[in-house]
There are 2 protein chains.
Amino acid sequence: MKKMIIASTSTVHGSGPLEYLLPTLEEFFKGVDEIVFIPYARPSGVSYDEYTQKVSSAFEKIDISVKGVHEFHNPKEAVKNAQAIFTGGGNTFELVNQLYQHDLIDTLKNVLERGIPYLGTSAGSNICGVSMKTTNDMPVVYPPSFDTLAMIPFNINAHYLDPDPNSTHMGETRETRIKEFHIFNTTPVLGLREGSWLEVIQDAIKLKGSLTARLFQREKTPVEIEPESDLGNFLS
Amino acid sequence: MKKMIIASTSTVHGSGPLEYLLPTLEEFFKGVDEIVFIPYARPSGVSYDEYTQKVSSAFEKIDISVKGVHEFHNPKEAVKNAQAIFTGGGNTFELVNQLYQHDLIDTLKNVLERGIPYLGTSAGSNICGVSMKTTNDMPVVYPPSFDTLAMIPFNINAHYLDPDPNSTHMGETRETRIKEFHIFNTTPVLGLREGSWLEVIQDAIKLKGSLTARLFQREKTPVEIEPESDLGNFLS
């Protein structure tokens, strides 16, 4: 009995942190008083306390209190006993590194399989996939493994960006990078544009938001998935 | 006695592979008949043979033949006996992974310290730094380590891109990513723009090309380095 929201980004352009998601979150977290927040991804190197404070301000608007997992004496127990969990964005390498350092991977997986509501944004969404091998982040630290929670049978590419036809830059486009991933891996990859999220209820994985998402499968032409579609129908 | 060219990119917009560098390479590789090419980075997943063929066509224009390191029975011996070496761009994770699989890291380091001329572009330049932790590439494979050749006392960020003031994208800018690197690491990082390269002769590391490069040091304001400067003067 999974219950998850897996969002491309915490923040869309021109709006406050989590603002675009708040109506959805209010419904999704109905009955939850307190969320345990995992701040390990540290966007721009912000401290755990500062990051938790920022998230707390956003959730105040829907009357939910937020406690950072680092504030607990035993992070593992905190995750096990959480009413709900939110993992924020930042650097996926450092997030995964810390999850392994605190031996939280299996604990988190078990809790999510029990149906404890989970919100992930950006890096916090990447870890819901099979591996973190389709993150856009810089490998600033070396985690003990790239394997992640595998709560969905594919990988996420958060902040998915379409190729810019006017670009003169010679670095790889996002699509080229994902194609390179499929030279070495068979896991499907969902390019989630900013403003899109997945709603996972048990085995149903529905695309939400107003945009389409781009699904890449090895040796297949990528396809655009319409909002409200169940991803399960497209995976082979 | 090092002798290296460490270039941001193999190709600048609107020009053929290596074209902008050919006059420099003709001078740099004077007396060299054959280059050993390391194709492990496989841009867009191209095969070693195809990649070597493409590079061979470029070097034909300056009368140098190219042999892929994969064509030799023993890659280690090939590197040891090379007149000159070129490592091309592509995916840095896969490049580093293959260098470790073939146990070539120390061999390459020794050869370069002996003064065998070396050209690196993009991923092939990233490996000249202390670690590959400032690559832009996607972590499509898990290498046994992020440590690289450390032929220069800093890291390279190839294809360096300035922040786009008009962007509405919420993903991290390159500068933010490098700042995140400096939360966890002390190694300086040089952002090399496309069209720039470093010429390393012994301990002198000179910036070449017409553009400035951006040097990031931990807890310092980034500085722009002018062409023809010696990087050693800026590292503290």
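Source: prediction; values computed, not measured. (Residues numbered from 1 in each chain as written. Chains lettered and ligands numbered in written order. Predicted model: local features only at pLDDT ≥ 70, side-chain atom pairs only at ≥ 80, totals over all residues. Heavy atoms only, no water.)

What am I meant to see in the layout of surface pockets here?
Rolling a probe over the atoms, with the probe sized like a water molecule, indicates the empty space that remains. Size it by volume and the largest pocket reaches roughly 1,300 Å³. Around the largest pocket, the lining comprises 39 residues; the ones closest to its centre are Leu-161 and Arg-174 of chain A together with Leu-161, His-169 and Arg-174 of chain B. (1 Å grid on protein atoms, 1.4 Å probe; cavity = no way out; pocket = protein on both sides within 12 Å on 5 of 7 lines; lining within 4 Å. Points joined across faces, edges and corners; volume = space filled by probe spheres on them.)

Any chance you could explain the sheet that holds strand S10 (residues 213-216) of chain B here in plain terms?
Backbone-to-backbone hydrogen bonds join strands into a sheet, with any given pair of strands oriented parallel or antiparallel. All names here are of chain B. With respect to topology, 4 strands assemble into an open sheet ordered S6-S7-S10-S11, the strand pairing being mixed. Two strands close off the open sheet at either side, each with one partner strand: strand S6 (155-157) and strand S11 (223-225). The sheet shows a mean angle of 30° between the axes of neighbouring strands, direction not considered. Note: strand S7 (residues 189-191) against S10, 3 bridges, orientation antiparallel. Paired with Leu-190 across the strands is Leu-215, a residue of S10. Relative to S10, helix H7 (residues 174-184) is tilted by about 30°, and along the sheet it contacts S6, S7 and S10. (Pairing = 2+ DSSP bridges. Helix = DSSP H or I, 4+ residues; strand = E, 2+ residues; numbered from the N terminus. Axes fitted to C-alpha atoms, helices over the stretch in contact; angles between N-to-C directions. Contact = heavy atoms within 4.5 Å.)

When you look at the nonpolar core in this model, what are you seeing that I'm missing?
Soluble globular proteins: nonpolar side chains tend toward being buried together. Residues Leu-198 of chain A together with Leu-198 of chain B are the most contacted members of the largest nonpolar core, which totals 102 residues. Those residues in contact with Leu-198 of chain B, other than ones at most four positions away along the chain, are Met-4, Ile-5, Ile-6, Ile-152, Phe-154, Ile-156, Leu-190, Leu-192, Ile-205, Lys-206, Leu-207 and Leu-231 of chain B. (Core = buried A, V, L, I, M, F, W, Y, C linked by side-chain atoms within 4.5 Å. Buried < 20%, exposed > 50% of the residue type's maximum accessible area, 1.4 Å probe, protein only.)

Sorry if this is basic, but what is going on with empty space enclosed by the protein here?
All chains considered together, the criterion is met by 1 cavity of 30 Å³ or more. In this model, the largest cavity occupies a volume close to 70 Å³. In this structure, the largest cavity is lined by 14 residues; those nearest its centre are Glu-172 of chain A together with Ser-122, Asn-136, Asp-137 and His-159 of chain B. Considered class by class, the residues forming the lining of the largest cavity number 2 nonpolar, 8 polar and 4 charged. (Nonpolar A, V, L, I, M, F, W, Y, C, P; charged D, E, K, R; others polar.)

Just checking my understanding: could you explain the relation of the copies chain B and chain A for this structure?
These two copies of the chain differ by a rotation about an axis and a displacement along the same axis. In the superposition of chain B on chain A (RMSD 0.0 Å, axial shift 0.0 Å), the rotation amounts to 180°. Such a combination of rotation and displacement between the chain copies is what one expects of a two-fold axis. Here 100% of the contact residues of chain B are again contact residues in chain A; the copies associate through an equivalent surface. (Least-squares fit on C-alpha atoms with pLDDT ≥ 70 in both.)

Just checking my understanding: could you explain unusual backbone geometry for this structure?
For residues that are not glycine, phi is negative in most cases, and the peptide bond is trans in most cases. In this structure, Ala-150 of chain B takes a positive phi of about 55° despite not being glycine. Mapping Ala-150 of chain B onto the fold places it in the loop between helix H6 (123-126) and S6.

So what exactly am I meant to see when it comes to the interface of chain B and chain A here?
When the parts of a complex come together, some accessible area is lost, and that lost area is often taken as the interface size. Listed per partner, the contact involves 46 residues of chain B and 46 residues of chain A. For the salt bridge of Arg-177 of chain A with Asp-137 of chain B, the shortest nitrogen-to-oxygen distance reads 3.8 Å. Summed over the shared surface of chain B and chain A, the result is 14 residue pairs in polar contact (both at pLDDT 80 or more). Ranked by the residues each element gives to the side of chain B that touches chain A, the list is headed by H7 of chain B, at 8 residues. Across the side of chain B that touches chain A, the residue classes tally to 18 nonpolar, 19 polar and 9 charged. (Salt bridge = Lys/Arg side-chain N within 4 Å of Asp/Glu carboxyl O. Polar contact = N/O pair within 3.5 Å; in protein donor to acceptor, adjacent residues only side chain to side chain.)

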